[in-house]
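# A closer look at the structure
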Amino acid sequence: MARPVWAGNLSFGLVSLPVGLYTATDSHTIHFHQLQRGTSDRIRNRRVNERTGDEVELDDIVKGFDTGEEYVLVEPEELDEIAPGRSRSLEIAGFVDLAEVDPIFFDKTYYLGPRGSEYGKVYSLLEQALAKAGKAGIATFVMRQHEYLVALKSENGLLTLHTLHWADEIRDPKKEIDTLPGNAKASEKELKMAEQLIGAMSMAWEPEEFHDTFREKVAALIEAKKAGETVEKAEPAPEPTGVVDLMEALRASVERAGSPKDTGSKATTSRKATASSKAAAKNPPAKKRIRPAPKEDLSGLSKADLYKKAAAANLPGRSQMSRSDLLKALAASRT
């Protein structure tokens, strides 16, 4: 079992609950070492005194704040001593509707668990009450010499804690982006077509269908270089859509996202069948029959696996295709 990254008392009103905080997510990023080019020599980072050039032990390092005239030195123990509640208190200030918290405020997610089976009833009581009310508890607490603003939520039968950005950490987009459209508005036809495209591309939220394809390509690149092979380069990014051809791009997107029409294909198939029948009447086939290979069912494959098959089939534009488009394109390439 994992060890909690923080432990303390969660309190709301006069109710107190000992809890532990557990990391909810994991990073699968591929990490590289730094090497000197042409060698296998690792590059190391060292803590060096900039005046003497000597390496300094970690225990001999203190924090210093530059006031402009001098450094104010602060020991780690001094930060722990001034932490509210000595970093062991998580007190709910109040409860808010979840819809009121803008998604931009959410940062990192943790699981919250009771610190003992005897506290299970209090834990479940709070979890069920939050789920029924549709609210989140807002609190602040200190962890690793940093104070955090957090939201306590009920999710799938357990309590989760989400660190939030402070209000003054949210940047004003109007100050950050000088190319915002302002009062520019789309026409009614363009808006209607865009809504049709969104409807045609609507899908169920299935996060397991999505994979870190870049990480997979990095892993494939490493394996290829180990074997002395090369890998296919990625296709260039699509050109930006101009204002003049916006409607045409929307219309083509809707047609591609929608279900394929059967009339043309059925008619073509029918004409081919008729021609084949006439040819067969003149030249009867040999008695030996060839059993066709069964078609592979692609519907159960993930998007990443579909992309690999599309790459093997060298389908153009595959990097911009949705899962449904990949299925259609692969099916068409096998007919």
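As a starting point, this report considers the structure included with it. (Residues numbered from 1 in each chain as written. Predicted model: local features only at pLDDT ≥ 70, side-chain atom pairs only at ≥ 80, totals over all residues. Heavy atoms only, no water.)

Before going further, it helps to examine the overall build of the protein chain. Along the protein chain, the regular secondary structure elements total nine helices and nine strands. Taking all contacts inside the protein chain whose residues are at least 6 apart in sequence as the whole, residues at least 24 apart take part in 60%. If you sum the accessible surface of the protein chain, you get close to 26600 Å²; carbon and sulfur atoms cover 54% of it. (Helix = DSSP H or I, 4+ residues; strand = E, 2+ residues; numbered from the N terminus. Contact = heavy atoms within 4.5 Å. Areas by Shrake-Rupley, 256 points an atom, 1.4 Å probe, with all protein chains shown as cover.)

This paragraph deals with the sheet that holds strand S8 (residues 146–155). Around the barrel, seven strands lie side by side as S1-S2-S6-S9-S8-S7-S5; this closed barrel has mixed pairing. Mean inter-strand twist for the sheet, computed between neighbouring axes without regard to direction, equals 40°. Taken together, the seven bridges between S8 and strand S9 (residues 158–164) define a ladder with antiparallel strand orientation. Note on S9: the bridge partner recorded for Ser154 is Leu159. (Pairing = 2+ DSSP bridges. Axes fitted to C-alpha atoms, helices over the stretch in contact; angles between N-to-C directions.)

Its identity is not glycine, yet Asn156 carries a phi of approximately 55°, on the positive side. Positionally, Asn156 belongs in the loop between S8 and S9.

Time to look at the side chain of Glu127. Looking at the secondary structure, you find Glu127 in helix H2 (residues 120–133). Despite its burial, Glu127 pairs with no opposite charge, the nearest such side chain being Lys153 at 12 Å. Polar contacts involving the side chain of Glu127 include one to the side chain of Ser154, which spans 2.7 Å. Here Glu127 is in contact with Ser154, Gly157, Leu158 and Leu159, once residues within four sequence places are set aside. (Buried < 20%, exposed > 50% of the residue type's maximum accessible area, 1.4 Å probe, protein only. Lys, Arg positive; Asp, Glu negative; His and termini not counted. Salt bridge = Lys/Arg side-chain N within 4 Å of Asp/Glu carboxyl O. Polar contact = N/O pair within 3.5 Å; in protein donor to acceptor, adjacent residues only side chain to side chain.)

A word on the pattern of salt bridges. Counted by the stated rule, this structure contains five salt bridges. For Glu176, the salt bridge identified is with Arg171, shortest N-O distance 3.6 Å. The class for Glu176 is partly exposed, based on a relative accessible area of 47%. Residue classification places Arg171 among the exposed residues on the basis of a relative accessible area of 63%.

Turning next to the packing of aromatic side chains. The full count for this structure, using the stated rule, is three aromatic pairs. Through pairs of rings, three or more aromatic residues link up here, namely Trp6, Phe141 and Tyr148. (Phe/Tyr/Trp six-rings, centres within 6.5 Å; stacked < 30°, edge-to-face > 60°.)

With that out of the way, let us pick up the pairing of S9. With respect to burial, S9 is a largely interior element, six of its seven residues being buried. With five bridges connecting them, strand S6 (residues 106–114) and S9 associate as antiparallel partners. Each residue of the ladder has a partner; that of Phe106, found in S9, is Leu164. Connecting S8 to the antiparallel partner S9 that follows it, the hairpin turn spans two residues, and Asn156 within it adopts a positive phi of roughly 55°.

To continue, consider helix H9 (residues 323–333). Residues that lie three or four places apart on an α-helix share one face, since the helix turns once every 3.6 residues. If you check which residues of H9 are buried, you get Asp325, Leu326, Ala329 and Leu330. The buried side chains of H9 occupy one side of the element, clustering within an arc of 130° when seen end-on. (Arc of directions from axis to C-beta.)

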